[in-house]
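Overview (structure and organization)
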Amino acid sequence: MKVTLATHGGLAAAANLRLPPKVLDTDTLPENAASELARLVEAAVATGEPDQPGRARDAMSYTISVEDGGRSTVLKQSDAAMTPAFAALLTRLQEYLE
């Protein structure tokens, strides 16, 4: 599974424009970490988007793209409106991408 994280907006929006999305191939992770990430992706997909889209000045927005076995899924949320499942996925993904 290949997971891509793109960030947009926030206080450093101009600086982030030039940065490419970060990519994680789960084949590079230990088996238990790859399984955990797959579970987090499934939970975020199943939860869907927040009920009430929020707006906040200088909020970051995140796009997580997942490619797995010929299937593509794109999840988009922001700091202003984020489900707990998306937040858990984002946090773990950011840890792996550091």
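Quick caveat, the model's predicted, so the values are computed rather than measured. (Residues numbered from 1 in each chain as written. Predicted model: local features only at pLDDT ≥ 70, side-chain atom pairs only at ≥ 80, totals over all residues. Heavy atoms only, no water.)

1. Here we look at the side chain of Thr-26
Test applied: Helix and strand definitions here come from DSSP, where helices need a minimum of 4 consecutive H or I residues and strands a minimum of 2 consecutive E residues; each element is numbered from the N-terminal end. When checking whether two residues touch, look at their non-hydrogen atoms; a contact exists if any pair is within 4.5 Å.
Residue position: Thr-26 is located in the loop between β2 (22-25) and α2 (31-47). Excluding residues that lie within four positions of it along the chain, Thr-26 makes contacts with Met-1, Ala-34 and Leu-37.

2. Focus on the pattern of salt bridges
The condition is simple: The term salt bridge refers to a pairing of a side-chain nitrogen on Lys or Arg with a carboxyl oxygen on Asp or Glu at a separation within 4 Å. A 1.4 Å probe rolled over the protein chains alone gives each residue an accessible area, and that area as a share of the maximum for its type sets the label: buried under 20%, exposed over 50%, partly exposed in between.
Taken as a whole, this structure holds three salt bridges when the rule is applied. Of the charged contacts in the structure, one is a salt bridge between Glu-95 and Arg-92, with a shortest N-O distance of 2.4 Å. Of this pair, Glu-95 and Arg-92 both sit in helix α3 (residues 84-97), three residues apart, which is roughly one turn of the helix. By relative accessible area, which is 26% here, Arg-92 ends up partly exposed. The network of salt bridges with common partners includes Glu-36, Arg-92 and Glu-95.

3. Thoughts on α2
An α-helical segment advances 3.6 residues per turn. Residues three or four places apart therefore align on the same side. Convention followed: The length a helix should cover is 1.5 Å for every residue beyond the first.
For α2, which comprises 17 residues, the first-to-last C-alpha distance of 24 Å matches the rise-based estimate of 24 Å (1.5 Å per residue) to within 8%. Here the buried face of α2 lies against β1 (2-9), β2, β3 (60-68), β4 (71-78) and α3. Just beyond α2, the residue with positive phi is Gly-48, at close to 80 degrees.

4. A word on the nonpolar core
Cut-off, in case you're wondering: Residues enter a nonpolar core if they are buried and are Ala, Val, Leu, Ile, Met, Phe, Trp, Tyr or Cys, with the set joined through side-chain atoms within 4.5 Å.
Formed by 22 residues in total, the largest nonpolar core has its most connected members in Val-3, Leu-5, Ile-64, Leu-89 and Leu-93. Counting residues per element, the ones that place at least two in this core are β1, α2, β3 and α3. Among all residues touching Val-3, those that are not within four sequence positions of it are Lys-22, Val-23, Leu-24, Leu-37, Ile-64, Ser-65, Val-66 and Leu-93.

5. Some thoughts on the pairing of β3
Consecutive residues of a regular strand have side chains that alternate between opposite faces of the sheet. The line we're drawing: A pair of strands is considered paired only if DSSP assigns at least 2 bridges between the two.
Where β1 and β3 come together, eight bridges link them in antiparallel fashion. Looking across to β3, one finds that Leu-5 is bridged to Ile-64. Count of turn residues in the β3/β4 antiparallel hairpin: two residues, of which Gly-69 carries a positive phi of about 60 degrees.

6. Some points on the sheet that holds β1
Convention followed: Working convention: axes come from line fits to C-alpha atoms, limited for helices to the stretch in contact. Angles between N-to-C directions cover 0 to 180 degrees.
The strand order β2-β1-β3-β4 describes an open sheet built from four strands, whose pairing is antiparallel. Looking along the sheet, the strands with just one partner apiece sit at the ends: β2 and β4. Neighbour-to-neighbour, the strand axes of this sheet turn through a mean angle of 15 degrees, independent of strand direction. Where β3 lies against β4, eight bridges are found, and the strand directions are antiparallel.

7. Quick look at the environment of Leu-37
Here Leu-37 shows up in helix α2. Along the primary structure Leu-37 and Val-3 are separated by 34 residues, whereas in three dimensions their C-alpha atoms are 9.4 Å apart.

Purely geometric numbers; function is a separate question.
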